[in-house]
Every structure is written in C-alpha cells, then in structure tokens.
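Structural characterization, general
Residue strings, one per chain:
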Amino acid sequence: MTAPTQAPDEAPTAASAPAVRLTGVGKTFGDTPAVQDVTLDIRRNEFFSILGPSGCGKTTLMRMITGFEVPTEGTVELGGVNANGVPPHKRDLNMLFQSYALFPHLNVGENVAFELKVRRSRPKAEISKAVTEALALVRLEGYGERSIAQLSGGQRQRVAIARALIGRPSLLLLDEPLGALDQKLRAEMQLELKKIQREVGVTFVTVTHDQEEALTMSDRIAIMDGGRVLQVDSPEAIYERPATRFVADFIGTSNFLTGTLGGDRLGVESLGNLAVPRGHGLADGTGVHLAIRPENVRLTREEGEAAAGRVALPGTLQQIVYLGNATRYHLTLTDGSDFIAESRGADRSGLAMGEPVWATWDPARSRLLDQ
Amino acid sequence: MKHALDTVTAWLARGVIAFLYIPIIVVVVLSFNDSEITYKWDGFSTRWYGKLADNTELLAALQVSAEVALISATLATACGLLAAMGMARLRGKGKAIFSGGLFLPLIIPEIVLGVALLSVFGAMSADLGMTTLVLGHLVVTLPYAALIVLGAYNALDSSLPEAATDLGCNAWQAFRRVTLPLLRQPLLAAWLLCFTISFGNIVMSTFTNGVGSTTLPLRVYSMLKGGLTPEINALGTLLVLFTLLIILGVGLRQMRRVLVGADRS
C-alpha cells in the first residue's frame, strides 16, 4: 500500500524545520505492533489532529512525541533536532492530559505556576505575573486561590490549558481534549481552543476519535487505523477526497458499491454498469469501491425524472429518519444492500415508506477508491 | 415487629460500645484509687502517679517500647512505600510472587515467625537487643504498612506523576512534589497503625528482646506473677491521655479522612 503521506518540505534548518518530523516511526509492545512506519511533518503553528478509532495507535504515537514512550523504530525530530533519547522533562513541549491531571494538593495558582517553579527560570514576582496572564488567557481571572475540587469540568480544563501554556512550549499535545465535556461546552471549547492557539502561536496537536472535533478545529488531519497513517490532509480534502474506503467511511457517512472497473463504467454484480468520475487513472479490471455521500444522492419516483447524466439505481424506501437539520432516507437496493440518501431540513419528498424509488447521483460527485 | 427488632439492635450496639469503653474508664478511675487492692475503692489519691515516677524499671520499658515502635513504624512505612512503587512496575507472575511474599507474614502465626527469627539470629550468633527487636517488629508491621500504602498508591491517577514530568520534573522532583504529598495521609495512617501494633506487641518481643531491651508489654506481663499494682493503672491512664493528644494533634477531621482513605483502598 502506498502511504499517502506528504513529501518532506524543504531541507530543514533550525528556523524553518517543522515542529515535529516523524520518519518511519514504529512502536511494538511485546509482539503487538501499535504504530507502524509513520512518516509525517507537523508544521509550525498549525492546529494538527491525529484522528482514528480507539486502538488505532494514535495515543501511542502522541506518547512517542512527548517522550513517555520510546519508538522501537524510526526517529522523532522536534524543531529539527533528533529527540530520540531525550527524556520528557527535557522536551520543549507540554501535554494536556485527558483527565487534566491537575494536582489536587495544590490550588489553581500553584498548579499553573508549577512548571515555572520547577524550572526555576524566573524570579518570584515574574512567576505571579505570568500566572495572572495565563489565567486571563483562559478567562479564569481571580481563580488563583481556589482549590481544584471547587472547579467544574470546563474550568478544570481551562486550568490545565493555562498550566500547560505558561512556559510557552513550542508544542502542545492535547489528548482527547473535549472528551469529558458535555455537548454544549464542547462546541464552546472547540472555538476557544482554536482562538487560544491563534493567540499564543503554539503548535497544537490533538489526538481524538471525534471526527467533528477534528474537522472543526484542525488545519490538517492525519487519519490513523491499525497503527498506520492513511491520509494527511486538510479537513475539506479529507471529506471531499478521501484516500481509502476506511477514510470515506470513518469521516462522515458513505455508501459503497464494490465492483470491477472497465473504462468509465463500474461493473457491479446484479446492479449493472454504473458511470464513474472521469480521469480516475486506474487500470481496467481493477477491483474498486465507489463511494457516494448520502447528501449527494437524490430520490425520485421514476427513473425518467432524473437529470441527464446522473446514475440511477432502483430500490425500496425502508425508513425516513428526521435528524433536525436534515432528513435521512434508508433504502434497500435490488441486490439487497442498504443505501442512504440525505436532504437538508424536514422531509418534503412526499415519499412513503415501502414505496419503490430511484436513487440518483452525479457521477462527478462520487469517488473511486482502490483500497 | 420491625420496631421491636430495631430497639434490640440499638441496645445491642450500645452494649458493644460500652464493652469497648468500660475497661478504659475503669482503668482511669482505679488509677486514682488509694487502695492497694485494685478492685476495692478506698478514696481518691494520686499516689500511684508518684510511685510510677519512681519505678525506673517500668519507665525504662516504656522508653524501649517507644523507641522500638518509632523506629520500626518508620522503617515499615518507608519499606511499604518502596514496595508499592516497585510493584507498580512489575507485571504478571513477578507481581503475584512479590505480593504473595509481602503479605504471607499476615497469615503465618506470629509465634512461628518469632521462633524462626530467633533461629536465624542464633545461627548468625547475633546478640539479642534493640536491633533484633526492631527487625522482629518490622517483620510483623511491614505487611500492614505495605497493604495500606499499596492500595493508596494504586488508586493514584498515574497521569499525575506523568504531568509533573511533562512540566519539567525529573524523577526525584516528580516524587517529592507530587507523589509524596498525595500519599501523605495513607503514609500517616500506615505509620500510626504500625506504631500501635509494635507498641502493643508481646509475642514477637518475647523472642527477639535481650537484656536491657524489655518492652513495656513484656514488663507488665511479668508483673502479673508478683501481682499487678495500681501503678499499671496510672501508666494506662497516661497512655490513654497520650493517644487522645495525638488524635487531637493530627486533627479529628484528618483522622477520619485517613481511616476512610485506608478503608477505600
């Protein structure tokens, strides 16, 4: 399989080197490979997400960047310098733990000041000024004397952010940063994290299994599965042009039709020859998946109602599900497989459950995937 | 019917509490009894406290007990902490063997441990004294200390020391600034328990004490032969007072947290 990772940028000098460069990084626990052959660059000051299902190796990958785990293969470079063998406390990066890991025996101010006190890099007066600034950054002015137990979940996270950023690391790693928050607070913190990142100009790397989180916050996303990075791209590119069937399935929802390619047609067993997007560059006879997003599918009663050039497949409407901002239609195609269509807003199709319908789409809005 | 049962259990509970505390109250009252015969009240007197102050044998034994308890409780707590930290790194079989070995002395009768230890000291031709006494008490107290500290250590969020490392601490700084302060209460609980166990120990002391290192319980026990004098009551009263002072000193609230914490782990 050709790993669709990006080519390294220009030759790294100390100033232009990427924040993180992973080259052939792998980690094996006993006999179990957790991370395999990961090569990617994280640019300075970008908001980068590592996205994948649980157990895909994303946490291990992050822990190798922090230094809590040592790679069994490959090199980790931070700011152009090989970091293999550098212990975590000597790396110019901080981590935001999923549990926040605030010290319960210290108050808010002491938690935030922790790094500066340990590193003894500044006089006392400056430390308390820095604490005030850090608390202001996360909008917790005047909370310095509070005990950790007095804080809500959202406030704890803000304290953890202030604590991690006070030493102005060049890199902040965030482990499932929004996982423990409720829905409303999540949306708020997504925007807030992005704002803080722009304000402090620090490279943020989040690890998450939540695609919405990754799509809304990130400049670029790496999709991981089975210990490998499948695609590194901008959120739009990942959604519009997924590189593999896994990515198309994991990000958003996709319908898949599997068949064999012949020119501009895809032969699908018992469904016929379907038009595919032009210029795909794949050889005839290749076994491929055709991915179609539900929002690109339109339903009609008659085949003839579909506009010219659209692919049309007959099926039966099984269920209409109202989602609030959209309506989802579940169909069964003639070969018995499931197919999903989606329209914005409430159902205005006038279709009834159990009715025969045609699912139609523009072949240019579908995507061929050979893996 | 249910009401009657409630009454019975309520009185039963009162009875149990009374049974626990009546002896202590009796000791305190009798220590102020003028009579030579402990169970006959002859009027108020503080003369037994005066006699206690003159009883150098008893006071020497008290000193030995205090010293042994202090040293062995401190050693046991320190070893318990080290054992907990070491075991956190072990996996599978090694962990099972180590924890089995650590807690086995809990179920071996103390008299067997005493005899065995005496044989070992004999084979080494070691002189019995403070050192052997402390080692013997360490054998008895260590499993308790390890049990309490291990539970608390395992309950500690492992990301806390990691966070300390992430924020610039080396291993020692992470231990001193985060792990140790968070374990303060269980460590205190373990130390107090070990101190009490060592202070009241008779069996192990019988085997491991030497000339000039007779502990208080041994001294009191040997006095039974010549008949108990009310000085013992005076000493008992002072010890109760001392314990109360400790509890007040540590703080009742803290004490409850220690006990609840030890319970949860």
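Residues numbered from 1 in each chain as written. Chains lettered and ligands numbered in written order. Predicted model: local features only at pLDDT ≥ 70, side-chain atom pairs only at ≥ 80, totals over all residues.

A separate point is the packing of helix 6 (residues 130-155) of chain B against helix 9 (residues 184-200) of chain B. Residue and element names in this part refer to chain B. Packing of helix 6 against helix 9 leaves a shortest axis separation of 9 Å and a crossing angle of 160°. By the angle class used here, helix 6 and helix 9 are roughly antiparallel. Here helix 6 runs over helix 9; the crossing is right-handed. Residues His-137, Val-140, Thr-141, Tyr-144, Ala-145, Ile-148, Val-149 and Ala-152 of helix 6 form the contact with helix 9, whose participating residues are Pro-186, Leu-187, Ala-189, Ala-190, Leu-193, Cys-194, Ile-197 and Ser-198. (Axes fitted to C-alpha atoms, helices over the stretch in contact; angles between N-to-C directions. Helix = DSSP H or I, 4+ residues; strand = E, 2+ residues; numbered from the N terminus. Parallel < 35°, antiparallel > 145°, perpendicular 65-115°, else oblique. Left-handed = near helix turned anticlockwise from the far one by under 90°. Contact = placed C-beta atoms within 7 Å.)

This part takes up the sheet that holds strand 20 (residues 366-369) of chain A. Residue and element names in this part refer to chain A. Spatial ordering of the open sheet is given by 13-12-11-14-20, a layout of 5 strands whose pairing is antiparallel. Each edge of the sheet is formed by a strand with only one pairing partner; in this case those strands are strand 13 (272-275) and strand 20. Averaged over all pairs of adjacent strands, the angle between strand axes in this sheet comes to 40°, irrespective of strand direction. As defined by bridge partners, strand 11 (residues 255-262) adjoins strand 12 (residues 265-268) across 3 bridges and the pair is classed as antiparallel. Counterpart to Gly-262 in the pairing with strand 12 is Arg-265. (Pairing = 2+ DSSP bridges.)

Looking now at the pairing of strand 3 (residues 47-51) of chain A. Taken residue by residue, a regular strand's side chains alternate between the two faces of the sheet. All names here are of chain A. Burial analysis of strand 3 places 5 of its 5 residues in the buried class, the great majority of the element. Here strand 3 runs beside strand 8 (residues 203-208); their pairing, made up of 5 bridges, is parallel. Residue pairing in the sheet places Leu-51 in a bridge with Thr-208 of strand 8. The pairing of strand 3 with strand 9 (residues 220-225) spans 4 bridges and is classified as parallel. If you follow Phe-48 over to strand 9, its bridge partner there is Arg-220. (Buried ≥ 20, exposed ≤ 12 C-beta atoms within 10 Å, placed from the backbone.)

Another aspect to go through is the confidence of the model for chain B. Residue and element names in this part refer to chain B. Per-residue confidence for chain B averages 87 on the pLDDT scale, and 93% of its residues sit at or above 70. Here helix 13 (residues 252-264) stands out as the element of chain B with the lowest mean pLDDT, 56, in contrast to helix 8 (residues 171-182), whose mean of 94 is the highest. Complex prediction metrics read pTM 0.77 and ipTM 0.77. (pLDDT = per-residue confidence, 0-100.)

Two modes of strand pairing occur in sheets, parallel and antiparallel, and in both the strands are linked by backbone hydrogen bonds. Residues and elements named next belong to chain A. The antiparallel open sheet is built from 4 strands, whose spatial order is 2-1-4-5. Each edge of the sheet is formed by a strand with only one pairing partner; in this case those strands are strand 2 (32-42) and strand 5 (81-82). Pairing of strand 4 (residues 73-78) with strand 5 involves 2 bridges; the strand directions are antiparallel. Among the inter-strand pairings, Glu-77 is bridged to a residue of strand 5, identified as Asn-82.

Okay, unusual backbone geometry next. Glycine aside, a negative phi is what most residues show, and trans is what most peptide bonds show. Residue and element names in this part refer to chain A. At Asp-37, a residue that is not glycine, the phi angle is positive and equals roughly 45°. Inspection of the secondary structure assignment puts Asp-37 in strand 2. Using a count of 17 C-beta atoms within 10 Å as the deciding quantity, one classes Asp-37 as partly exposed. A positive phi angle, close to 55°, is found at Arg-139, a residue other than glycine. As for its placement among the helices and strands, Arg-139 is situated in the loop between helix 3 (124-137) and helix 4 (153-165).

All right, on to the UniProt feature "transmembrane region" (unreviewed entry) in chain B then. Residue and element names in this part refer to chain B. Taking the numbering used here, the UniProt-annotated feature "transmembrane region" (unreviewed entry) corresponds to residues 12-32, 96-121, 133-153, 187-212 and 232-252. The span residues 12-32 is 95% helical and 0% strand by assignment, and the distance between its end C-alpha atoms comes to 31 Å. Regarding residues 133-153, the helix share stands at 100% and the strand share at 0%, and the terminal C-alpha atoms are separated by 29 Å. (UniProt positions renumbered as here; feature names shortened; annotations may be inferred.)

Once that is clear, we can look at the interface of chain A and chain B. Where interface size is given, it is often the accessible area lost as the parts come together that is meant. Of the residues lining the interface, 16 residues belong to chain A; the matching set on chain B comes to 15 residues. Breaking the side of chain A that touches chain B down by element, the ones donating at least two residues are strand 6 (93-96) and helix 2 (108-119) of chain A. By residue number, the principal contributor to the side of chain A that touches chain B is helix 2 of chain A, which donates 4 residues. In terms of residue class, the side of chain A that touches chain B is made up of 9 nonpolar, 5 polar and 2 charged. (Nonpolar A, V, L, I, M, F, W, Y, C, P; charged D, E, K, R; others polar.)

Moving on, we come to the domain arrangement of chain A. All names here are of chain A. The domain architecture assigned to chain A consists of domain 1 (20-245) and domain 2 (253-369). A separation of 40 Å is found between the C-alpha centroids of domain 1 and domain 2. Taken together, the contacts link 4 residues of domain 1 with 5 residues of domain 2. Classifying every residue of the side of domain 1 that touches domain 2 by side-chain character gives 1 nonpolar, 1 polar and 2 charged. (Domains from an automatic or database assignment.)

Here we come to the nonpolar core. Residues Leu172(A) and Val149(B) are the most contacted members of the largest nonpolar core, which totals 118 residues. Looking at this core, the element that brings in the most residues is helix 6 of chain B, giving 13 residues. When near neighbours in sequence (up to four residues on either side) are disregarded, Leu172(A) contacts Leu93(A), Asn94(A), Leu96(A), Ala164(A), Leu165(A), Val202(A) and Phe204(A). Counting 19 residues, the second largest nonpolar core, distinct from the first, contains Val297(A), Val311(A), Tyr329(A) and Ala359(A). (Core = buried A, V, L, I, M, F, W, Y, C linked by C-beta atoms within 7 Å.)

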